[in-house]
Amino acid sequence: MTGTPAPGAAQDVRGTADVDDPFEAILAHVKETRGFDFTGYKRSSLTRRVGRRMEQIGIADHAEYLDRLELDADEYTTLFNTILINVTAFFRDTEAWDYLRTEVLPPLIAAKPLGRPLRVWSAGCASGEEAYTLAMVLCELLGVEDFRNRVKIYATDVDADGLGTARQASYGEREIQAVPLDLRTKYFEEHDGRWVFRPDLRRSVIFGRNDLVQDAPISRIDLLVCRNTLMYFTAETQARILTRFHFALADTGVLFLGKAEMLLSHGAMFRPIDLNRRVFRKLPPQAPVGREPFAGTATPPTRGEMVGLDELRHESLLTSPLAQVVVTTDGIVAMINRKAEVMFGASARDVGRPFRDLDLSYRPVELRQIIEQAQLDRRPMRVSDVRAVNGAKPGIHLDIEVTPLVATDSRLLGVSVVFDDVSQSHRLQEELEQANRQLETAYEELQSANEELETTNEELQSTVEELETTNEELQSTNEELETMNEELRSTNDELQLINGQLHMRSGELDTANEFLETILTSLRAAVVVLSQDLTVQVWNRQAQELWGLRREETVGEHFLNLDIGLPLDQLRPMIRRTLAGELGPHEIAVPAVNRRGRTISVRIFGTPLRSRGAAAEAGGVILLMDHDETNGNGRA
């Protein structure tokens, strides 16, 4: 057995003076953050175990330990391992197992119709020894083949580490000692010094987490084994768990407890088969027991085939396409179907909790007052077009129907809350309204277009009239163009004549240019013609030979910027006097370096360039350059 605190005094000390408020705050914090509800356990065992853990880490105050839990997430694991015990073994209390195997199970199996499944629940299975013990006992009674086809063993616990060990189905030599040798060789395989339960039979054992205090029980169970677990709970919590066990068991189901557990105060739910060995049989419910959601079940069907119909009805409710929650008259959640779990993030663990504690009770709409009103008036109530923003998938629209559930004798059993997802209808309605608006807009646009077409037709008629007028004008214009065309032909003839004259003059100019070029080429001196801004206009072949620069490199360039071996500083004053129009030719002799690098003496004559009838100021300068080559002493 696991999932319970260690053994302690049977007395329930909850609420006594030795338990301080910070200790209760620890239990509440663990429940809120980790889902472990230890508030139903006996305080004597809890205080001792928590105190032992605090002593191990050197903390003496409960409030300080609560701070440690809030800061250190790993501390939860150590605390749970300290509180929860893991005491179990194969065939623990052999005499009780022998009685179960010989006296209880054979008639239980015989009462089951041939081929019907046999469902077994091992609650508080710890590391799995108890579940595999059940598997071996049932295999011996049914045979391996029938066991694989008919038996389902559900083994549950709250300790994740223990469940992990149980799923591996691997045990050491010390744990396997309690298994008789013949069963050990038949149902276990040895691997590396460990004994592993047969994989083909292991598939019939299903392990899962289940908190007996909070989670919903597994239903339609034929044999429920919960040994030495209830003894660690308070009397109130024991009553709640036993009510759930009563709901979980089939009509003739058997409850197998441990030696330290009794059911003296629960005679209305269970009848002892053998009190010494703690074997009990479920009694049909005569009236609602307590206020648990599983206590007030309906009267058992009188015919065996009705059980199948009940199962069919139950599965039909769970798999309904509409989300549904059933709440008892006391406000306890009795059922949440799968659609509601998906839509609102609820789970089977919420079954048995007060409906007011669920977010669903007030989101997306306040349901508690509506449920009370429906119970008071005993008539269905409906809330339409509720937009779910929190607690459900965002953006959906719901119609909520709250229907009272009334028995045949007019007793109010509870209410059914059905959530109909009308999001698609809402979207279709919005799309339809939008389509209608678009149609109205389109109709208005069509009317406007029709009016515009009528207007356009009038404009077209006017345009036709204008075109007719324009056509007449074009005819007149065409006649004028013909007249102009005749004039242009006459003008063209004159232009051709002028062009011929220009061509003749161009030839004359070409001849003059050629003649001028011949003169410039024939001259022995280098000739350079400068504009008024000293830009080179003419550069004859002798200038090119003398200074080594081609015409293309000089024409258009500023003369004083040319690097031609002339002392331009000495030449500049003579050029300026010439441009100023001073009378007489201007002459200067300067030393220079020709294109071959030889020193030469250059005589330069400057003459103003004037056009006919020009003023005194020259429009440019004509430079004539003559030279004599000298020897190294500067003499010719």
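The rules behind the values
Residues numbered from 1 in each chain as written. Predicted model: local features only at pLDDT ≥ 70, side-chain atom pairs only at ≥ 80, totals over all residues. Heavy atoms only, no water. Helix = DSSP H or I, 4+ residues; strand = E, 2+ residues; numbered from the N terminus. Areas by Shrake-Rupley, 256 points an atom, 1.4 Å probe, with all protein chains shown as cover. pLDDT = per-residue confidence, 0-100. Contact = heavy atoms within 4.5 Å. Phe/Tyr/Trp six-rings, centres within 6.5 Å; stacked < 30°, edge-to-face > 60°. Buried < 20%, exposed > 50% of the residue type's maximum accessible area, 1.4 Å probe, protein only. Axes fitted to C-alpha atoms, helices over the stretch in contact; angles between N-to-C directions. Parallel < 35°, antiparallel > 145°, perpendicular 65-115°, else oblique. Left-handed = near helix turned anticlockwise from the far one by under 90°. Nonpolar A, V, L, I, M, F, W, Y, C, P; charged D, E, K, R; others polar. Patch = residues over 30% accessible without salt bridge, like charges linked within 9 Å, V, L, I, M, F, W, Y side chains within 5 Å. Salt bridge = Lys/Arg side-chain N within 4 Å of Asp/Glu carboxyl O. Pairing = 2+ DSSP bridges.

Caption draft 1: View of the overall build of the protein. Regarding its fold elements, the protein presents 19 helices and 20 strands. If you sum the accessible surface of the protein, you get close to 35300 Å²; carbon and sulfur atoms cover 50% of it.

Caption draft 2: A look at the confidence of the model for the protein. Per-residue confidence for the protein gives a mean pLDDT of 80; residues scoring 70 or more make up 83%. Predicted confidence for residues 287-307 stays below pLDDT 50, and this span has 35 contacts to residues more than four positions away or in other chains. A low-confidence stretch, residues 631-636 stays under pLDDT 50, and its non-local contacts, those more than four residues away or across chains, total three contacts.

Caption draft 3: Focus on the packing of aromatic side chains. According to the stated counting rule, one finds ten aromatic pairs in the structure shown. Measuring from centroid to centroid gives 5.4 Å for phenylalanine 188 and phenylalanine 197, while their planes differ by 75 degrees, and the two rings are edge-to-face. With a relative accessible area of 5%, phenylalanine 188 lands in the buried category. Three or more aromatic residues joined by ring pairs make a cluster, and in this case those are Phe90, Tyr132, Tyr171, Phe188, Phe197 and Phe207.

Caption draft 4: Local environment of the packing of helix α5 (residues 94-111) against helix α6 (residues 129-142). Running from amino to carboxyl end, α5 crosses α6 at an angle of 55 degrees, the nearest separation of the two axes being 11 Å. Our classification of the angle between α5 and α6 gives oblique. Judged by the sense of rotation from one axis to the other, the crossing of α5 with α6 is right-handed. Counting all contacts with α5, which are made through Trp97, Arg101, Leu105, Pro106 and Ile109, the residues of α6 involved are Glu130, Thr133, Leu134, Val137, Leu138, Leu141 and Leu142. Within the contact of α5 with α6, the residues separate by chemical class into nine nonpolar, one polar and two charged.

Caption draft 5: Spotlight on a nonpolar patch on the surface. A cluster of nonpolar residues, Phe515, Leu516, Ile519 and Leu523, forms a patch on the protein surface that exposes about 360 Å² of accessible area. Here leucine 516 lies in helix α16 (residues 423-522).

Caption draft 6: Fine view of the environment of histidine 627. By the element assignment, histidine 627 lies in strand β20 (residues 620-629). The class for histidine 627 is partly exposed, based on a relative accessible area of 28%. Spatially, the C-alpha atom of histidine 627 lies 9.5 Å from that of valine 590, the residues being 37 residues apart in sequence. Apart from residues lying up to four places away in sequence, histidine 627 is in contact with Leu546, Ile600, Ser601 and Val602.

Caption draft 7: Main features of the sheet that holds strand β14 (residues 396-406). Across the sheet, which stays open at both edges, the five strands sit in the order β12-β11-β15-β14-β13 with antiparallel pairing between neighbours. The two strands at the open ends of the sheet, each matched to only one other strand, are β12 (333-336) and β13 (381-388). Recorded for the sheet is a direction-independent mean angle of 20 degrees between the axes of neighbouring strands. Helix α15 (residues 368-377) contacts β11 (323-328), β13, β14 and β15 (412-421) of the sheet and is inclined by roughly 130 degrees relative to β15.

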